[in-house]
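One-letter residues, chain by chain:
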Amino acid sequence: MRKSDKKIENTIRRVLTEVCEQLKENVAGFEWLTHKVDYNNVNQTLTVTLMFDSFASLRSAKATLKTNDMAKQVANALAKQGIELKNVTKQCHFDTDERNG
């Protein structure tokens, strides 16, 4: 990892940690988030996965459009640091650890 990549990674981690803590306080069932990125094309490849405690919590968040608000919050926080997501709806994913059956 290049020095510039480490700087980008640290910025992403710091921003996403702040957003994660805010979301845990304000969105029922939200637990944590993670990300993946190709440092050669950060704005188009950065993906953020936001995890819920159950399918029911995720369904509820989607039904009340909280997931849209969450994606916007992630995108806005990153944009303040110069990281512009090219397609927020495709770069923010929502999931759960809960297993089927």
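Description of the structure in this document. Here, residues in each chain are numbered from 1, in the same order as that chain's written sequence. The predicted nature of this model means local features are confined to residues of pLDDT at least 70 and side-chain atom pairs, given and counted, to a pLDDT of 80 or more, with totals for whole chains, interfaces and linings taken over all residues. Note that water and hydrogens are dropped before the side-chain values are worked out from all heavy atoms of the structure.

1. A word on the packing of aromatic side chains
Think of a pair of aromatic rings as described by two things: how far the centres are apart, and how the planes are tilted against each other in angle.
Move 1: Stacked, tilted and edge-to-face are the three classes assigned to paired rings of Phe, Tyr and Trp, where Trp is represented by its six-membered ring and a pair needs centres within 6.5 Å; plane angles under 30 degrees give stacked, over 60 edge-to-face, the rest tilted. Per the counting criterion, the structure on display carries 1 aromatic pair.
Move 2: A centroid spacing of 5.9 Å and a plane angle of 80° characterise the contact between Phe30 and Phe52, whose relative ring orientation is edge-to-face. One end of the pair, Phe30, is in strand β1 (residues 30–36); the other, Phe52, is in strand β2 (residues 47–52), and 22 residues separate them in sequence. Like Phe52, Phe30 is buried. The helix and strand labels rest on DSSP assignments: H or I over at least four residues marks a helix, E over at least two residues marks a strand, and numbering proceeds from the N terminus. In this scheme, a residue with accessible area under 20% of its type's maximum is buried, one over 50% is exposed, and one in between is partly exposed, where area comes from a 1.4 Å probe on protein chains only.

2. Regarding the side chain of Ser54
Move 1: Relative to the helices and strands, Ser54 resides in the loop between β2 and α3 (55–63).
Move 2: Overall, Ser54 belongs to the buried group, its relative accessible area being 14%.
Move 3: In the analysis that follows, any N or O atom pair within 3.5 Å is treated as a polar contact, provided that within protein one partner can donate a hydrogen and the other can accept it, and provided that, for residues neighboring in sequence, both atoms belong to side chains. Among the polar contacts listed, one links the side chain of Ser54 to the backbone nitrogen of Ser57, at a separation of 3.1 Å.
Move 4: Only heavy atoms enter the contact rule, under which two residues are in contact if any of them lie within 4.5 Å. Sequence-distant contacts of Ser54, that is, excluding residues within four places in its chain, are made with Thr96 and Glu98.

3. Focus: the environment of Asn68
Move 1: You can see Asn68 is positioned in helix α4 (residues 66–79).
Move 2: The class for Asn68 is partly exposed, based on a relative accessible area of 39%.

4. Some details on helix α1 (residues 3–26)
Move 1: Every helix has an expected span of 1.5 Å times one less than the residues it contains. Taking 1.5 Å per residue as the helical rise, α1 with its 24 residues ought to reach 34 Å, and the 35 Å between its terminal C-alpha atoms agrees with that figure.
Move 2: Among all positions of α1, only Asp5, Glu9, Thr11, Ile12, Val15, Leu16, Val19, Cys20 and Leu23 are buried.
Move 3: Buried residues in α1 make contact with β1, α2 (42–45), β2 and α4.

5. Concerning the side chain of Thr67
Move 1: Its location among the elements puts Thr67 in helix α4.
Move 2: Ignoring any residue separated from it by four or fewer positions in sequence, one finds Thr67 in contact with Leu58, Ala61, Lys62 and Phe94.

6. Things to note about the packing of α1 against α4
Move 1: An axis is simply a line fitted to the C-alpha atoms; with a helix, the fit covers only the stretch in contact. Between two such axes, the angle follows the N-to-C directions and lies from 0 to 180 degrees. The N-to-C vectors of α1 and α4 enclose an angle of 150°; their axes lie 9 Å apart at closest approach. One finds that α1 runs roughly antiparallel with respect to α4. Read as a crossing pair, α1 and α4 show a hand that is right-handed. Of the residues in α4, those touching α1 at Val15, Leu16, Val19, Gln22 and Leu23 are Met70, Gln73, Val74, Ala77 and Leu78.
Move 2: Class assignment for the residues of the contact of α1 with α4 results in 8 nonpolar, 2 polar and no charged. In these notes the angle categories are as follows: under 35 degrees is roughly parallel, over 145 is roughly antiparallel, 65 to 115 is roughly perpendicular, and the rest is oblique. In this scheme the handedness of a crossing depends on how the near helix is turned from the far one: anticlockwise by less than a right angle means left-handed, clockwise means right-handed. Any residue outside Ala, Val, Leu, Ile, Met, Phe, Trp, Tyr, Cys, Pro, Asp, Glu, Lys and Arg is labelled polar, Gly included; the first ten of those are nonpolar and the last four are charged.

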